[in-house]
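This is what each chain is made of:
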Amino acid sequence: MIITMIRKMPQEPVKNSKNTIVTTADPPPTSAACSAADTSSDATGTQEKTTAVELLPGETVVREGKAAILFPSANEVFYNPVQEFNRDLTCAVITEFARDLLTQRGVKVVVPGDKERVVVSLSDDNNEVDVQPEQDNGAAEPLCSVTAGEKCEQGLRVLEGLAASGLRSVRFALEVPGLHSITANDFSSKAAALIARNAQYNGVGHLLQASCRDASMLMYEMRKKKDRYDVIDLDPYGSPVTFLDAAVQSVSEGGLLCITCTDMAVMAGNSGETCYSKYGSISIKAKYCHEMALRIILHSLDQRAAVYQRYIQPLLSVSVDFYIRVFVRVFTGQATVKNSASKQALLYNCIGCGSFHLQRMGGSKFVVRVTVKYSAATGPPVGPECQHCGHRHQLGGPIWAEPIHDLRFVQKVLSAVSGNPSRFGTSKRIEGVLSMVTEELEDVPLYYTIDNLSSTLHCNTPPLLQFRSALLHAGHRVSMSHACKNAIKTDAPPAVIWDIMRCWEKTNPVKREKLSPTSPAFKILSCEPSFEACFRVREDANPQSRKRHLTRFQENPQAFWGPKARAKAGGGISMDLQDKRKKCQNKRKGQITDSSQLKNFPCKKFKKGTCDHGDQCCYAHEEMETSEDKTE
């Protein structure tokens, strides 16, 4: 099978984590649609032959995955190479979603390079991954098979609402099997024209259709059950909140929503009132802000879905780099929607020691005769002051308090990626992140960080394994979090955590005479621990992803690798982002208020010969001494 794949795609670049950009290139070969056994080449009549597309002046070809995208050098269409991980993960998730859905319809999804389906387990103490053959879930024997690039009549209908260059949609068409159609939409006419050219350039015109519409209006028009999309992908520049209401209405029953949020400053606590106006939740600036951002967007999605008697089921939620990405399924059910309030919680966060408590917004469920009733929630779970440090609490939320992952689905994606590592350029990082996701305590929201606990007490930071072992010896569960490398996610109450820190401080004492009587450290250390913590390292304290040295938290691939500048509405060459930063650096510091000081700066118009002010010009017309002259 591998030899056949190489024969059909001789010009495909070697997969790596970096994109290959060339100035001139021939169109890539068409990915032939064939059956799993590759026995009938005539059955691919719907596959179009790639027509020659000439490159425009200044245009380049960006290669990512199996796609080759025409990209203008002018900043007319937004493209961010850093989000290759996002696109690779999306292709992997949609592939497994299509596999589950089409298996029920009697269609087998075939991915070149896939090995025998296994379930990955990282819970054992062995250093090796425990793999077990995937059990049959009772699905019928598949009647036919489908591969990537082939149009499947029973396949999924996909919408990318904000497609920009169309790279993500083209990759769906070339790499995700079991698709019926892909609509790549963008409000920019230049972007829509580029999408159409890229579809023709990659030979996926039979699957991908370009659209130039307002994304919300397009989704609102597809709200009828027969018109809904099976998968909707929204990756906006900033907040996706304006598209969420239309998205939850236009996705099919059990369909998949893929949402990206890049406004992390708002969701991580820098502007709580703005977060409330967008997502209906107040964010708090705390160490667990990245996971809280995931729970805020899930709360917002569930709240909007409940208006239409729908509810969400999170499959995978990740917080990486400067953005968050959530994959949720949407279902309809009035009885289940009534549980929505019990899935949300308010957050009480101590401003002194950082201890937090959750207050569910819904109460317990009980039955009166044949009617299901819900009691009101009782609270709050904390007093006016923190019982540990005596400081007050901040109130945040509501946030999603239920699990943010479906571990069964995550294990399927993980086994598919680890079993076929050459499929994606960021396979190692996907494997590392998903491995950590499978190790997280799914029923424990938010987390603490060891460095913040130590900073509160002004003591040395305990080693990670020793602190985790102390929690395990105390009879509590503990895990790490993919959102923060120093995270401690545990079901232990704050009182136990501070008792362990008191025991650690006894062996690593701080100078208590220097502590302020009003500081959290003074109040916490003034109490004796209720038990003696054991810091002897346990074997199960070290998670499997850490033992195997997986790429869990990747280093920055290059300098200034974060979010790029927004695409210009009118196109044209944009200033390089770093040049713009240097130009604007310190522009508000040491501003000149006396106009006489302007004579110390040369007149730019005088150098060009266009200054008409003569001696009345407030700038100097004499040639200023350069730094080279000063050196000489």
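Parameters and conventions
- The numbering scheme is per chain: residues are counted from 1 as the chain's sequence reads.
- Confidence filtering applies because this is a predicted model: local features only for residues at pLDDT of at least 70, side-chain atom pairs given and counted only at 80 or more, and all residues used for totals across whole chains, interfaces and linings.
- Hydrogens and water molecules were not included; the side-chain quantities draw on all heavy atoms of the structure.
- One bridge is not enough; two strands pair if DSSP finds at least two bridges between them.
- We count a stretch as a helix when DSSP gives it H or I for four or more residues in a row; a strand needs E for two or more, and each element gets its number in order from the N terminus.
- The contact criterion used throughout is that any non-hydrogen atoms of two residues lie within 4.5 Å.
- Between N-to-C directions, angles cover 0 to 180 degrees, with each direction set by a line fitted to C-alpha atoms, over the stretch in contact for helices.
- Only buried residues count toward a nonpolar core, which is a set of Ala, Val, Leu, Ile, Met, Phe, Trp, Tyr and Cys residues joined through side-chain atoms within 4.5 Å.
- The rule is simple: take the accessible area with a 1.4 Å probe, protein chains only, and divide by the maximum for that residue type; under 20% is buried, over 50% is exposed, in between is partly exposed.
- Segment limits for the domains were obtained from an automatic or database-derived domain assignment.

The next point concerns the sheet that holds strand S21 (residues 478-481). With antiparallel pairing, the 3 strands of this open sheet are ordered in space as S20-S22-S21. Only two strands of the sheet have a single neighbouring strand rather than two, namely strand S20 (448-449) and S21. Here S21 pairs with strand S22 (residues 484-490) via 3 bridges, running antiparallel. Its bridge partner being in S22, Ser479 is matched across the sheet by Lys489. The sheet strands contacting helix H14 (residues 464-473) are S21 and S22, and the helix crosses S21 at an angle near 140°.

The 7 strands are arranged S10-S9-S8-S11-S12-S14-S13 in an open sheet whose pairing can be described as mixed. Among the strands making up the open sheet, the edge pair consists of strand S10 (208-211) and strand S13 (310-320). Along the sheet, successive strands turn relative to each other by an average axial angle of 20°, direction set aside. Contacting strand S12 (251-261), S13 and strand S14 (323-332), helix H9 (residues 289-307) runs over the sheet at an angle of about 160° to S13.

Next up on the list: the nonpolar core. Leu257, Ile297, Leu301 and Phe467 are the most contacted members of the largest nonpolar core, which has 83 residues in total. The dominant element in this core, judged by the number of residues it contributes, is H9, at 8 residues. When residues are assigned to domains, this core turns out to be shared by domain 1 (64-114 + 142-336 + 399-428) and domain 2 (444-548), each giving three or more. One finds Leu89, Leu156, Leu414 and Val433 within the second-largest nonpolar core, a separate group that totals 49 residues.

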